[in-house]
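Architecture at a glance
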Amino acid sequence: MAGTTASGEARAAGGREQRVTKQKVAVATALDELDDFVSTQELHRILQDRGASVSLATTYRIVQSMAEDGLLDVLRTDDGEARYRRCEAHGHHHHLVCRRCGKAVEIEAPAVEAWASRIAAQHGYTAVEHTVEIFGLCPECSAAVAAEAADGAR
């Protein structure tokens, strides 16, 4: 979380101050320790397993607030579920996501940025935002799928 003041408040990326609570610290710590995207329900289950006293509703509120403040990346699955992750990259970026295991790789895509700007300008749009997520199988899952297919063919 951003810097903490003497009054126990932290300044979020958007500039507003927020109280630092033990629930927010628990959520932020858990997210810091995860490598892949996680749903709010999965995050809540992790918090419960760790003995953290955070309700599901509070977990939802904290995660939503962190996402709004730009502290988390949000990924929408095919069924519309939001999944969250702390990202290493601090600027605009995209993700390459494994459909099988959920592993995500952060990528920069200058060609996508140029294309989005060009298309928006052609149609007179301004203040444009976009999200690009690429889904596939990571090398490990590709190998596992191939091995499973070979085993099934025997």
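Residues numbered from 1 in each chain as written. Predicted model: local features only at pLDDT ≥ 70, side-chain atom pairs only at ≥ 80, totals over all residues. Heavy atoms only, no water.

Spatially, the 3 strands line up as an open sheet ordered S7-S6-S8, and their pairing is mixed. Edge positions in the open sheet fall to strand S7 (104-107) and strand S8 (133-136), since each of these has one partner strand only. Between one strand axis and the next, the sheet turns through 20 degrees on average, direction left out of account. Where strand S6 (residues 94-98) meets S8, 4 bridges bridge the pair, whose relative direction is parallel. Residue Cys 98 lies in a different strand from S8, and its bridge partner there is Gly 136. (Pairing = 2+ DSSP bridges. Helix = DSSP H or I, 4+ residues; strand = E, 2+ residues; numbered from the N terminus. Axes fitted to C-alpha atoms, helices over the stretch in contact; angles between N-to-C directions.)

Taking 1.5 Å per residue, 12 residues should reach 16 Å; helix H1 (residues 22-33) reaches 17 Å between its end C-alpha atoms and fits that length. Residues Lys 24, Ala 26, Val 27, Ala 28, Ala 30 and Leu 31 constitute the buried set of H1. (Expected span 1.5 Å × (residues − 1). Buried < 20%, exposed > 50% of the residue type's maximum accessible area, 1.4 Å probe, protein only.)

Right, let's get into the sheet that holds strand S3 (residues 38-39). Here 3 strands make up an open sheet; going across it, the order is S3-S5-S4 and the pairing antiparallel. The strands lining the two open edges of the sheet, one partner per strand, are S3 and strand S4 (73-76). Relative to strand S5 (residues 82-85), S3 runs antiparallel, the two sharing 2 bridges. Paired with Ser 39 across the two strands is Arg 83, which belongs to S5.

Attention now goes to the packing of H1 against helix H3 (residues 56-68). At their nearest, the axes of H1 and H3 sit 10 Å apart, and the two run at 65 degrees to each other. Between H1 and H3, the angle is such that the two are roughly perpendicular. Crossing of H1 over H3 shows right-handed handedness. Where H1 abuts H3, its residues Gln 23, Lys 24, Val 27, Ala 28 and Leu 31 lie against Thr 58, Ile 62, Val 63 and Met 66. Of the residues contributing to the contact of H1 with H3, the split by class is 6 nonpolar, 2 polar and 1 charged. (Parallel < 35°, antiparallel > 145°, perpendicular 65-115°, else oblique. Left-handed = near helix turned anticlockwise from the far one by under 90°. Contact = heavy atoms within 4.5 Å. Nonpolar A, V, L, I, M, F, W, Y, C, P; charged D, E, K, R; others polar.)

Another point: unusual backbone geometry. Positive phi outside glycine occurs at Ala 127, with the angle close to 50 degrees. Mapped onto the elements, Ala 127 comes out in the loop between helix H4 (110-122) and S8.

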